[in-house]
Amino acid sequence: MTDYKHTLNLPKTDFPMKANLATREPETLHRWEAQDLYGEIRRARAGAEKFILHDGPPYANGDIHIGHAVNKILKDIIIKSKTLDGFDAPYVPGWDCHGLPIEHAVEKKHGKAGRKLGVHEFRDKCRAFASAQVETQRRDFRRLGVLGAWDTPYLTMDFAFEADIIRALGRIYERGHVVQGFKPVHWCLDCASALAEAEVEYADHTSPSIDVKFPVADVAKLAALTGAGLATDARAAVVIWTTTPWTLPANQAVCLHPELDYVLVRTGADGYLLLAEALYERALARAGLGDCEVVGRCKGAALEHLPLQHPFDDREVPVILGTHVTTEAGTGCVHTAPGHGLDDFQVGKRYGLEVANPVDGNGVFREDTPLFAGQHVFRANDAVIEVLRERGNLLQASRLEHSYPHCWRHKTPVIFRATPQWFISMSEKGLLAAAKEEIEKVAWMPGWGKARIDAMTSGRPDWCISRQRYWGVPIALFVDRETGVPHPRTGELIEQVAERVAAAGIDAWFELDAAELLGDEAGRYEKITDTLDVWFDSGVTHFCVLGEKRGLPFPADLYLEGSDQHRGWFQSSLLSSVAMYGVAPYRGVLTHGFTVDAEGRKMSKSLGNVVAPQKVMNALGADILRLWVAATDYRGEMSVSDEILKRTADSYRRIRNTARFMLANLDGFEPARDALAADDLLELDRWLLQRAGNLQQEILTAYTQYQFHVIYQKLHNFCVLELGGFYLDIIKDRQYTMRADSRGRRSAQTALYHVAEAFVRWIAPILSFTADEIWQCLPGERSGSVFAAHWHDGFAAFSAAGRISPGEWQQVIQVRGEVNRILESLRADGRLGAALQADVELQCDGALAGVLGKLGDELRFVLITSAARVVLLEGAAEGVETALPALRVRVQTAGGEKCVRCWHYREDVGSDAAHPEICGRCVSNVAGPGEDRRVA
């Protein structure tokens, strides 16, 4: 037998089938860094219109987790797609470097500031710790294939950045939004510091649940107001319900709703009790009281200023009125301690109540607190209950599991505690109203993001920006020691402080002698030592990063973070920007969901379901992680597991193998020399280019709309169905068996070339390492990187309609699918070997026959059979019915002998004495030039 292998155009490429991503990707990263790829992209886009995605800074503490990977990959996909759009899209990553977690980490290792080491040294340790964390996270972010200004990121602890944070505070102060107040704030007993709203989360907690009697000091007045006939020595009380007994020492009043109906109930041993009519039966049942009788009633408003006896202190407290009182639970009578609750504080302010706070920062009652001095508030609950029982004022005590505020860092319950703090006022200068107006102008993606930020900002309290810590940017203000009013030259002083901090860091403030700036006035003014809330640090990055400092336009085109940031960074950025400029810092906000396991459970070390991105990259490669991110609809929860990633790796292999087939069949193709014009292409190749051109428009639209899962689906389907399941199968014969420079082969190569040029760009934002690898293997002259390229513009030349329309090709694809199904059935039954042993008769109606007839002899190549013909249904021999009403199929064994070169069964095998084992078509392809009459 003659060996004709050397006469075939067998595929050849340097692009390997085995990806070996875990090994190859780090090598690619070294090359990118050596060639300054990010700088190359910036130079290529110099002068182009800018697109700014402003990076929300991750916290510089701990290794990156899968949520970090999702966030950075999504940002990178957008930046790279916008660059392909032609934008200059720089990416400046950043880190949030101050705050309590870093302090705690340093305390664990070195001890508390001011004890085992000085405060200055403590800050140095914090800075060193944060620097090490930044380096670890930066390494892993780069390993993900994320391109950016990694050598020049923004760090909130850089001296110049710290100075700009102080300048931002100065601008907000100058616009009248910074105020000092003594009001209750969320206080973490572990942090020993105030918390912002964004630092509080709610979780289930079991608390005491008690009903307490506040004896009425003027029973006669109560009788008159309720219309009850009470004896002068009758015992009566207003009943409150609370889950925080420890706040009762700070009680200053009992609040009723002015419009609610209240009833006076005779109970027996407990005397007469006043409760809301809508709640009294439940409250009495809770206390185990039966056979009670309503003896009087009135509106809450009638009872204003009724004097009550505190349940264990020797003092009176009044009844006051407030619309925050509800009938959802309790008694309709609310124990009011202005030092321990926002509603209490607001209503107390109207009535001039004392804002009492007997609790120290560590959660212990001060030494001058009667009965409970030195006790921790949570442990004092039982003591308070016991005192109430001894005084005869405890109606009932039980336990209640309910949602309760917790510190987001320590996961421990927090308290409300009134302390002198600095705030950004939401109301005094209309900041919140202005922010709400700006929310309406922003594009929120997905749409529910707007509802979420609306809910998070509606009715929000003033922003507490002060913290009682060491590792943070100072609230650089001097205040009058007597009045508490900031220095009249505060704006000028802040700039002087900022210049010092820019040179020496935040220690320049903490070690500053006030006389250096204030001279003779130094004795009159106190230097504030509180530090800023870290949400302020990250919230003003729009001022510190965007604008003239880095040549980045303000406002940003896009902010992109997880859905928790509507209460965090999105909001702190919005409020600070509106406070400084009157506008939102972003035009659009994109939100992604949280990662969960395959069963929808949150990632947890205790559950053993954590997927570490480092492990995935080391085992499968970063491109697998990137493909999973793109393939997942990030608008909801994002499921990830080892099994899900394994399936993603399978999908990746299909995409890679498709690319490899195209590259291998472009061997020897020089675009400038060999590419055919549109009119010279065969019909099948023209169809592919038109389909690819349409697909490109769909992909570009999906990139613009940030619908990456749609891109994945379209790419995957294109590889599996239209390329792998149809086109590539058909052209194999033409590619391998025709002459290397024949029209049929060059036509297919021209189509493959344009598709490959587009394909590498389509996947570049997602499969960045793989795209870079493909780019190196594409034929033709090229300079620069795929990431500095533009979308492929070669499809327009092939958009004109061919002899067979796209719709008709769709019919051909359907017919081929039905034929394949029947051939597979015959092969499964042992009645047919390879498909090339088949002779197929397509029995069609007139319309379908007309479409298939346009293929001529190419029909057999499309069906990958040795013979195929079209006959009209009417009068045809009985064939197998198909899913297409207009088609039946009849199959028989092909006549002739098998050609050892192309494997087709042909009657003319052996007709050439010089080549007795091959068919006439192969003889012409082996022997030399001859006219190519193939249609497709």
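Quick look at the overall build of the protein chain
Next, step 1: For the protein chain, the count of helices and strands is 30 helices and 32 strands.
Next, step 2: A compact globule built from 936 residues would reach a C-alpha radius of gyration of about 30 Å, whereas the protein chain, at 38 Å, exceeds it by more than 25%.
Next, step 3: Along the first, second and third principal axes, the C-alpha set of the protein chain runs to 130 × 75 × 45 Å.
Next, step 4: The protein chain carries 105 positive and 124 negative side-chain charges, and their two centres are separated by 4 Å.

Quick notes on unusual backbone geometry
Next, step 1: Backbone torsion omega between methionine 445 and proline 446 reads -5°, so that peptide bond is classified as cis.
Next, step 2: Within the fold, proline 446 resides in the loop between strand 17 (443-445) and helix 12 (448-457).
Next, step 3: Put simply, phenylalanine 554 and proline 555 share a cis peptide bond, and its omega is 0°.
Next, step 4: In this fold, proline 555 is placed in the loop between helix 17 (541-545) and strand 23 (556-562).

Regarding the pairing of strand 6 (residues 200-215)
Next, step 1: Sheet topology note: the strand 6/strand 15 (residues 394-407) ladder contains 13 bridges and is antiparallel. Directly across from threonine 206, in strand 15, lies its bridge partner glutamate 401.
Next, step 2: Sheet topology places strand 6 next to strand 7 (residues 236-242); six bridges connect them, and they run antiparallel. Opposite isoleucine 210, over in strand 7, you have threonine 242 as the bridge partner.

As for the sheet that holds strand 17
Next, step 1: The parallel open sheet is built from four strands, whose spatial order is 1-23-24-17. Two strands bound the open sheet, and with one partner strand each, they are strand 1 (53-54) and strand 17.
Next, step 2: With three bridges joining them, strand 17 and strand 24 (residues 586-592) adopt parallel strand pairing. Each bridged residue has a counterpart across the sheet, and for alanine 443 the counterpart in strand 24 is glycine 588.

Notes on the sheet that holds strand 9 (residues 261-266)
Next, step 1: As summarised here, the arrangement of the six strands in space is 11-9-10-7-6-15, forming an open sheet in which the pairing is mixed. Only two strands of the sheet have a single partner each, and these edge strands are strand 11 (293-299) and strand 15. The sheet shows a mean angle of 25° between the axes of neighbouring strands, taken without regard to direction.
Next, step 2: Direction of pairing for strand 9 relative to strand 10 (residues 272-276): antiparallel, over a ladder of five bridges. Paired with arginine 266 across the two strands is tyrosine 272, which belongs to strand 10.
Next, step 3: Helix-sheet contacts for helix 7 (residues 219-226) involve strand 7, strand 9, strand 10 and strand 11, and the interaxial angle to strand 11 is about 80°.

Things to note about the state of the cysteines
Next, step 1: Counted under the stated rule, the structure contains zero disulfides.
Next, step 2: Cysteine 899 forms no disulfide, and the closest cysteine sulfur to it belongs to cysteine 902, at a distance of 3.6 Å.

Regarding the side chain of aspartate 454
Next, step 1: Mapping aspartate 454 onto the fold places it in helix 12.
Next, step 2: Here aspartate 454 is in contact with Lys436, Ile439 and Glu440, once residues within four sequence places are set aside.

Quick look at the environment of glycine 910
Next, step 1: On the secondary structure map, glycine 910 appears in the loop between strand 32 (905-906) and helix 30 (920-927).
Next, step 2: In this structure glycine 910 comes out as partly exposed when scored by relative accessible area, which is 35%.
Next, step 3: With sequence-adjacent residues up to four places away left out, glycine 910 is seen in contact with His915, Pro916 and Ile918.

As for the confidence of the model for the protein chain
Next, step 1: Chain-level statistics for the protein chain give a pLDDT mean of 92 and a share of 99% at 70 or above.
Next, step 2: Strand 1 holds the highest mean pLDDT among the elements of the protein chain, 98, whereas strand 5 (residues 193-194) holds the lowest, 76.
Next, step 3: Across residues 930-936, where pLDDT falls below 50, the model places 24 contacts with residues more than four positions away in sequence or in other chains.

A short note on helix 5 (residues 119-143)
Next, step 1: Its 25 residues give helix 5 an end-to-end C-alpha distance of 36 Å, which sits within 8% of 36 Å, the value for a rise of 1.5 Å per residue.
Next, step 2: Glycine 145 lies just past helix 5 and shows a positive phi near 90°.

Observations concerning the nonpolar core
Next, step 1: In terms of nonpolar packing, the biggest core is built from 212 residues, with Phe536, Leu625, Trp628, Phe708, Tyr727, Trp762 and Leu842 touching the most fellow members.
Next, step 2: If you tally residues by element for this core, the top one is helix 24 (residues 708-737), at 13 residues.
Next, step 3: Not counting residues up to four positions away in its chain, the partners in contact with leucine 625 are Ile66, Ala69, Ile73, Leu144, Pro613, Val616, Met617 and Leu645.
Next, step 4: By size, the runner-up hydrophobic cluster in this structure holds 58 residues, among which are Leu230, Ile320, Cys333 and Ala380.

Quick notes on the layout of surface pockets
Next, step 1: Volume-wise, the second largest pocket comes out at about 600 Å³.
Next, step 2: In this structure, the second largest pocket is lined by 24 residues; those nearest its centre are Asp733, Tyr736, Leu836, Cys902 and Trp903.
Next, step 3: Per element, the largest residue contribution to the lining of the second largest pocket is six residues, and it comes from helix 24.
Next, step 4: Looking at the lining of the second largest pocket, its residues break down into 14 nonpolar, three polar and seven charged.

Description of empty space enclosed by the protein
Next, step 1: Counted according to the given criterion, the structure contains five cavities of 30 Å³ or more.
Next, step 2: There is about 130 Å³ of room inside the largest cavity.
Next, step 3: Every residue lining the largest cavity is counted, 17 residues in all, and those nearest its centre are Gly99, Leu100, Arg409, Arg467 and Arg469.
Next, step 4: Among the elements of the structure, helix 4 (100-110), strand 5 and strand 22 (531-532) are those that each provide at least two residues to the lining of the largest cavity.
Next, step 5: Looking at the lining of the largest cavity residue by residue, the classes come out as seven nonpolar, four polar and six charged.

Cut-off values and rules
- Residues numbered from 1 in each chain as written.
- Predicted model: local features only at pLDDT ≥ 70, side-chain atom pairs only at ≥ 80, totals over all residues.
- Heavy atoms only, no water.
- Helix = DSSP H or I, 4+ residues; strand = E, 2+ residues; numbered from the N terminus.
- Rg over C-alpha atoms; globule rule 2.2 N^0.38 Å.
- Lys, Arg positive; Asp, Glu negative; His and termini not counted.
- Charge placed at Lys NZ, Arg CZ, Asp CG, Glu CD.
- Pairing = 2+ DSSP bridges.
- Axes fitted to C-alpha atoms, helices over the stretch in contact; angles between N-to-C directions.
- Contact = heavy atoms within 4.5 Å.
- Disulfide = S-S within 2.5 Å.
- Buried < 20%, exposed > 50% of the residue type's maximum accessible area, 1.4 Å probe, protein only.
- pLDDT = per-residue confidence, 0-100.
- Expected span 1.5 Å × (residues − 1).
- Core = buried A, V, L, I, M, F, W, Y, C linked by side-chain atoms within 4.5 Å.
- 1 Å grid on protein atoms, 1.4 Å probe; cavity = no way out; pocket = protein on both sides within 12 Å on 5 of 7 lines; lining within 4 Å.
- Points joined across faces, edges and corners; volume = space filled by probe spheres on them.
- Nonpolar A, V, L, I, M, F, W, Y, C, P; charged D, E, K, R; others polar.

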